[in-house]
Structure formats: C-alpha cells, structure tokens
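Letter by letter, the chains look like this.
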Amino acid sequence: REFFITIGKWGFAKEFKVNIICHSKPAQDKVLELKVACDAIDKMMHNGRTDEEYQSLFLVNEFFANQFAKPNIKSNNEYFYSAICASELLKRSGNNIQGIWYPSVGCKYSGFNCALKTSFIDDDSILFEEAWFYKLVFKDLECAPEFEFLKYTSKFENDRIDWL
C-alpha cells in the first residue's frame, strides 16, 4: 500500500497548552512519555475527589484514550468517539487549551499527532517554516513504512504550500 504525506515544520509565536490523551494502557506500553504524563495527570485528577469520583473520571479518560489509540481501523466510523471527544474538548475548553496531543497509531505509536484549534492558526500563533512531501510504502502492515522523499519547500503564500 502506498500513501502520500506532507510533513510540515511550524514555529510558534507564543506558548500554548494542549490536552494530552494518555490513559490508554496499550499505548503506554509502547510510549514511555504517555505513562509519565498519565502518572502526573492522575495526581491532579485525584486531587479533591473521592476514590469513587476519581475512578469514574479515570475510566472515562481510559475509554476515550483507547479510542484515540485504536489500531486496525477498518472504517471512518471507528473514529466516531475520538472525533466527538476532540470536538468537545476543543469547544468547551475556552482559552484553557489550544489543542490535543495524542499518540500516532498510523506509525505504530512512533510519534504524536496534534490537533489545534483553528483560531490558534488563524491568529498567526503558528508560523510555517518548511515542508517535505513523501511517499510511504507499507510492504508489511505490521512494520513501519518505507519513506521516499519527493519534494521540499520553505515557501508558503496565501494559505498554500508553494512546492519548489
């Protein structure tokens, strides 16, 4: 299977906060940073709550984290719960967070994805620096893909990447 992807490097004009989706045990088993984040967040989640309240909150977080970390997606319908969760987190967070950080399942948890509020991009808080265009070839779906470099640019004008 072949896919084409654009990888962009962006700079940030100001600091911002994201909500990390980290309570998936299968993802934590593969990415140490998720376990570290989960341990830190659990202390905050437990603060001021009874054990029963904490356990309820933990189970909700775990359910949604497992939706973000779900491998072997067979149809777009399987993104339903993670899409609802992302939408509600970004919509109801006010100015407390500007995005969501979650493990990249497509690359076997070898990185992270970040979904940002459009308002964060529209107010020039994020600035384009450069981009690479690659072809990914999956010869074995159980292994990471092979990457073939195709194009590079550092030009971005009128909301479009200008490939050199």
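Residues numbered from 1 in each chain as written. Predicted model: local features only at pLDDT ≥ 70, side-chain atom pairs only at ≥ 80, totals over all residues. Heavy atoms only, no water.

Draft legend 1. The arrangement of a nonpolar patch on the surface in detail. Taken together, the side chains of Phe63, Phe80, Tyr81 and Ile84 present a nonpolar region at the surface, about 390 Å² in accessible area. For the nonpolar patch, the element with the highest residue contribution is helix α4 (residues 80-92), accounting for three residues. Residue placement: Tyr81 occurs in helix α4. (Patch = residues over 30% accessible without salt bridge, like charges linked within 9 Å, V, L, I, M, F, W, Y side chains within 5 Å. Areas by Shrake-Rupley, 256 points an atom, 1.4 Å probe, with all protein chains shown as cover. Salt bridge = Lys/Arg side-chain N within 4 Å of Asp/Glu carboxyl O. Helix = DSSP H or I, 4+ residues; strand = E, 2+ residues; numbered from the N terminus.)

Draft legend 2. Local environment of the packing of helix α3 (residues 51-68) against α4. It is at 8 Å that the axes of α3 and α4 come closest, and there the two elements cross at 115 degrees. Crossing of α3 against α4: the hand is left-handed. Mapping the contact onto sequence places Phe63, Phe64, Gln67 and Phe68 in α3 and Tyr81, Ser82, Cys85 and Ala86 in α4. Split by residue class, the contact of α3 with α4 holds six nonpolar, two polar and no charged. (Axes fitted to C-alpha atoms, helices over the stretch in contact; angles between N-to-C directions. Left-handed = near helix turned anticlockwise from the far one by under 90°. Contact = heavy atoms within 4.5 Å. Nonpolar A, V, L, I, M, F, W, Y, C, P; charged D, E, K, R; others polar.)

Draft legend 3. Quick peek at the packing of aromatic side chains. The tally for this structure, following the rule as stated, stands at 18 aromatic pairs. Taken together, the ring pairs in this structure connect Phe63, Phe64, Phe80 and Tyr81 into an aromatic cluster. (Phe/Tyr/Trp six-rings, centres within 6.5 Å; stacked < 30°, edge-to-face > 60°.)

Draft legend 4. Representation of α4 in the model. The end-to-end C-alpha distance of α4, which contains 13 residues, comes to 18 Å, matching closely the 18 Å that a straight helix rising 1.5 Å per residue would cover. Along α4, the positions that sit buried rather than exposed are Ser82, Cys85, Ala86 and Leu90. Along the long axis of α4, the arc covered by the buried residues comes to 115 degrees, so they all point the same way. More than 90 degrees from the buried face of α4, the exposed residues found are Lys91 and Arg92. Close packing links the buried residues of α4 with α3 and β3 (99-103). Backbone geometry just after α4 places Gly94 at a positive phi near 60 degrees. (Expected span 1.5 Å × (residues − 1). Buried < 20%, exposed > 50% of the residue type's maximum accessible area, 1.4 Å probe, protein only. Arc of directions from axis to C-beta.)

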